[in-house]
Amino acid sequence: HLPTSEAFEKKSTELTSLLSLSRLISSVFDIRELSEAVVNFSVQTTNADSAWLETYSTQPNGQREVKLLSPKNITSTDIQILTGMNGSSIREALVSTRTLLNIQKANTHPLMDQVLVKKKKIGSLIAVPLIARDNLVGGLFVAKGIEFGFDREDVDTVLTFAEQAAIAIDN
(Lines give C-alpha, C1' and ligand atoms only; values in the text may rest on other atoms or scores of the structure.)
Protein backbone atom coordinates (compact mmCIF):
# COMPACT_ATOMS: atom_id res chain seq x y z
CA HIS A 1 0.00 0.00 0.00
CA LEU A 2 1.97 2.96 -1.31
CA PRO A 3 1.16 6.50 -0.21
CA THR A 4 -0.50 8.68 -2.77
CA SER A 5 0.98 11.97 -3.90
CA GLU A 6 -1.78 13.69 -1.92
CA ALA A 7 -0.71 11.94 1.29
CA PHE A 8 2.91 12.81 0.60
CA GLU A 9 2.01 16.45 -0.05
CA LYS A 10 -0.03 16.60 3.17
CA LYS A 11 2.83 15.20 5.24
CA SER A 12 5.24 17.64 3.62
CA THR A 13 2.93 20.56 4.45
CA GLU A 14 2.63 19.37 8.07
CA LEU A 15 6.40 19.21 8.49
CA THR A 16 6.99 22.57 6.83
CA SER A 17 4.31 24.18 9.00
CA LEU A 18 5.74 22.69 12.18
CA LEU A 19 9.23 23.88 11.30
CA SER A 20 7.93 27.37 10.51
CA LEU A 21 5.98 27.47 13.77
CA SER A 22 9.04 26.36 15.76
CA ARG A 23 11.10 29.14 14.19
CA LEU A 24 8.37 31.67 14.85
CA ILE A 25 8.05 30.68 18.51
CA SER A 26 11.75 31.23 19.09
CA SER A 27 11.80 34.65 17.45
CA VAL A 28 8.36 36.27 17.90
CA PHE A 29 7.01 37.49 21.21
CA ASP A 30 3.78 39.03 19.95
CA ILE A 31 0.82 36.89 21.04
CA ARG A 32 -1.38 38.04 18.15
CA GLU A 33 1.20 37.17 15.50
CA LEU A 34 1.86 33.83 17.13
CA SER A 35 -1.83 32.93 17.45
CA GLU A 36 -2.46 33.92 13.84
CA ALA A 37 0.34 31.60 12.70
CA VAL A 38 -0.97 28.69 14.81
CA VAL A 39 -4.50 29.15 13.47
CA ASN A 40 -3.33 29.50 9.86
CA PHE A 41 -1.08 26.44 10.08
CA SER A 42 -3.92 24.43 11.66
CA VAL A 43 -6.34 25.36 8.89
CA GLN A 44 -3.78 24.81 6.15
CA THR A 45 -2.51 21.40 7.27
CA THR A 46 -5.92 19.89 8.07
CA ASN A 47 -7.84 21.56 5.22
CA ALA A 48 -10.20 22.93 7.86
CA ASP A 49 -12.85 25.52 7.12
CA SER A 50 -12.37 27.61 10.26
CA ALA A 51 -10.30 27.88 13.43
CA TRP A 52 -9.53 30.16 16.36
CA LEU A 53 -7.39 30.33 19.45
CA GLU A 54 -8.39 31.53 22.92
CA THR A 55 -6.31 32.40 25.94
CA TYR A 56 -7.57 32.00 29.51
CA SER A 57 -6.49 33.80 32.64
CA THR A 58 -7.95 33.91 36.14
CA GLN A 59 -8.81 37.29 37.61
CA PRO A 60 -8.27 38.13 41.31
CA ASN A 61 -12.01 37.63 41.89
CA GLY A 62 -11.76 34.06 40.55
CA GLN A 63 -13.49 34.78 37.25
CA ARG A 64 -11.97 33.35 34.08
CA GLU A 65 -11.08 35.92 31.44
CA VAL A 66 -11.24 34.67 27.85
CA LYS A 67 -9.48 36.45 25.00
CA LEU A 68 -10.42 35.44 21.48
CA LEU A 69 -7.44 35.53 19.13
CA SER A 70 -7.18 35.14 15.37
CA PRO A 71 -10.56 33.78 14.31
CA LYS A 72 -10.29 32.49 10.74
CA ASN A 73 -13.38 32.06 8.55
CA ILE A 74 -15.75 32.24 11.52
CA THR A 75 -17.37 35.22 13.18
CA SER A 76 -16.95 36.12 16.82
CA THR A 77 -20.74 35.80 17.12
CA ASP A 78 -20.66 32.19 15.93
CA ILE A 79 -17.76 31.48 18.31
CA GLN A 80 -19.75 33.00 21.17
CA ILE A 81 -22.70 30.75 20.34
CA LEU A 82 -20.47 27.66 20.32
CA THR A 83 -18.49 28.53 23.43
CA GLY A 84 -21.03 30.43 25.50
CA MET A 85 -20.69 30.08 29.25
CA ASN A 86 -23.92 28.15 29.80
CA GLY A 87 -22.31 25.22 31.60
CA SER A 88 -22.75 22.78 28.72
CA SER A 89 -20.60 24.41 26.06
CA ILE A 90 -17.52 23.27 24.22
CA ARG A 91 -15.36 25.74 26.15
CA GLU A 92 -16.67 24.56 29.52
CA ALA A 93 -16.09 20.93 28.54
CA LEU A 94 -12.55 21.77 27.43
CA VAL A 95 -11.80 23.68 30.64
CA SER A 96 -13.29 21.04 32.94
CA THR A 97 -11.76 17.96 31.28
CA ARG A 98 -8.52 19.58 30.04
CA THR A 99 -8.45 16.92 27.31
CA LEU A 100 -8.93 16.86 23.56
CA LEU A 101 -12.52 17.09 22.32
CA ASN A 102 -12.89 15.36 18.96
CA ILE A 103 -16.45 15.91 17.74
CA GLN A 104 -16.80 14.08 14.44
CA LYS A 105 -20.59 14.26 14.08
CA ALA A 106 -21.77 17.68 15.18
CA ASN A 107 -25.45 17.20 14.38
CA THR A 108 -25.86 14.65 17.19
CA HIS A 109 -23.44 16.07 19.74
CA PRO A 110 -25.03 17.72 22.81
CA LEU A 111 -22.38 20.46 23.04
CA MET A 112 -22.90 21.65 19.48
CA ASP A 113 -25.22 24.48 18.53
CA GLN A 114 -27.68 23.00 16.05
CA VAL A 115 -28.27 26.30 14.24
CA LEU A 116 -24.62 26.41 13.19
CA VAL A 117 -24.73 22.72 12.30
CA LYS A 118 -27.77 23.24 10.08
CA LYS A 119 -26.03 26.13 8.31
CA LYS A 120 -23.26 23.61 7.49
CA LYS A 121 -20.74 25.79 9.29
CA ILE A 122 -19.70 23.03 11.68
CA GLY A 123 -19.82 19.34 10.81
CA SER A 124 -16.82 18.25 12.89
CA LEU A 125 -14.62 20.03 15.39
CA ILE A 126 -11.40 19.49 17.32
CA ALA A 127 -10.87 21.45 20.55
CA VAL A 128 -7.46 21.15 22.18
CA PRO A 129 -6.52 22.56 25.59
CA LEU A 130 -3.34 24.62 25.72
CA ILE A 131 -1.56 23.43 28.85
CA ALA A 132 1.80 24.77 30.00
CA ARG A 133 3.41 23.77 33.31
CA ASP A 134 0.12 22.13 34.32
CA ASN A 135 -1.80 25.40 33.81
CA LEU A 136 -4.60 25.73 31.28
CA VAL A 137 -3.61 28.82 29.28
CA GLY A 138 -6.07 28.53 26.40
CA GLY A 139 -7.72 26.44 23.73
CA LEU A 140 -7.25 25.83 20.01
CA PHE A 141 -10.42 25.08 18.02
CA VAL A 142 -10.42 23.76 14.45
CA ALA A 143 -13.62 23.02 12.49
CA LYS A 144 -14.79 21.58 9.20
CA GLY A 145 -18.19 21.90 7.58
CA ILE A 146 -18.34 18.15 6.93
CA GLU A 147 -18.87 15.32 9.39
CA PHE A 148 -15.97 12.97 10.13
CA GLY A 149 -13.66 15.58 8.64
CA PHE A 150 -10.59 14.87 10.77
CA ASP A 151 -8.43 11.77 10.57
CA ARG A 152 -5.86 10.67 13.18
CA GLU A 153 -3.05 12.55 11.43
CA ASP A 154 -5.08 15.78 11.53
CA VAL A 155 -5.68 15.35 15.25
CA ASP A 156 -2.00 14.63 15.90
CA THR A 157 -0.95 17.69 13.90
CA VAL A 158 -3.34 20.00 15.75
CA LEU A 159 -2.16 18.53 19.08
CA THR A 160 1.44 19.33 18.12
CA PHE A 161 0.55 22.90 17.16
CA ALA A 162 -1.36 23.29 20.43
CA GLU A 163 1.60 22.08 22.48
CA GLN A 164 3.89 24.56 20.75
CA ALA A 165 1.36 27.38 21.21
CA ALA A 166 0.95 26.62 24.93
CA ILE A 167 4.69 26.84 25.51
CA ALA A 168 4.92 30.09 23.58
CA ILE A 169 1.95 31.66 25.40
CA ASP A 170 3.38 30.63 28.75
CA ASN A 171 6.75 32.16 27.84
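Calculation notes
Residues numbered from 1 in each chain as written. Predicted model: local features only at pLDDT ≥ 70, side-chain atom pairs only at ≥ 80, totals over all residues. Heavy atoms only, no water. Helix = DSSP H or I, 4+ residues; strand = E, 2+ residues; numbered from the N terminus. Buried < 20%, exposed > 50% of the residue type's maximum accessible area, 1.4 Å probe, protein only. Contact = heavy atoms within 4.5 Å. Core = buried A, V, L, I, M, F, W, Y, C linked by side-chain atoms within 4.5 Å. Salt bridge = Lys/Arg side-chain N within 4 Å of Asp/Glu carboxyl O. Expected span 1.5 Å × (residues − 1). Pairing = 2+ DSSP bridges.

(A) Local environment of the environment of Gly139. Residue position: Gly139 is located in strand S5 (residues 135-144). On the basis of relative accessible area, Gly139 is assigned to the buried category, the value being 0%. Separated by 86 residues in the primary sequence, Gly139 and Leu53 have C-alpha atoms spaced 5.8 Å apart. In this structure Gly139 touches Trp52, Leu53, Glu54, Tyr56, Leu94, Val128, Pro129 and Leu130, once residues within four positions along its chain are discounted.

(B) A look at the environment of Asp134. By the element assignment, Asp134 lies in the loop between strand S4 (124-132) and S5. The spacing of Asp134 and Arg98 is 36 residues in sequence and 10.0 Å in space, taken between C-alpha atoms.

(C) Focus on the nonpolar core. Residues Val38, Leu53, Ile126, Leu130, Leu140, Val142 and Val158 are the most contacted members of the largest nonpolar core, which totals 23 residues. Leave out the neighbours within four places in its chain, and Val142 touches Ser42, Thr46, Ala48, Ser50, Ala51, Ser124, Leu125, Ile126, Phe150 and Val158. Grouped together as the second largest cluster of nonpolar side chains are 22 residues, Tyr56, Leu94, Val95 and Leu101 included.

(D) Geometry of the pattern of salt bridges. In this structure the tally under the stated criterion is six salt bridges. A salt bridge links Glu92 to Arg64; the shortest N-O distance between them is 2.4 Å. You can see Glu92 sitting in helix H4 (residues 90-97) and its partner Arg64 sitting in strand S2 (residues 64-72), a full 28 residues away along the chain. For Arg64, a relative accessible area of 27% puts it in the partly exposed group.

(E) Representation of helix H2 (residues 31-46). Compared with an ideal rise of 1.5 Å per residue, which puts 16 residues at 22 Å, H2 spans 22 Å between its outermost C-alpha atoms and is within 8% of the ideal. When H2 is considered as a whole, its buried residues turn out to be Leu34, Ser35, Ala37, Val38, Val39, Phe41, Ser42, Val43, Thr45 and Thr46. A positive phi of about 55° marks Asn47, the residue just after H2.

(F) Structural view of the pairing of S4. Taking burial as the measure, the nine residues of S4 include eight buried ones, the bulk of the element. Examined bridge by bridge, strand S3 (residues 101-103) and S4 share three bridges and lie antiparallel to one another. Counted as the bridge partner of Asn102 is Ile126 from S4. Looking at chain direction, S4 and S5 are connected through nine bridges and run antiparallel.

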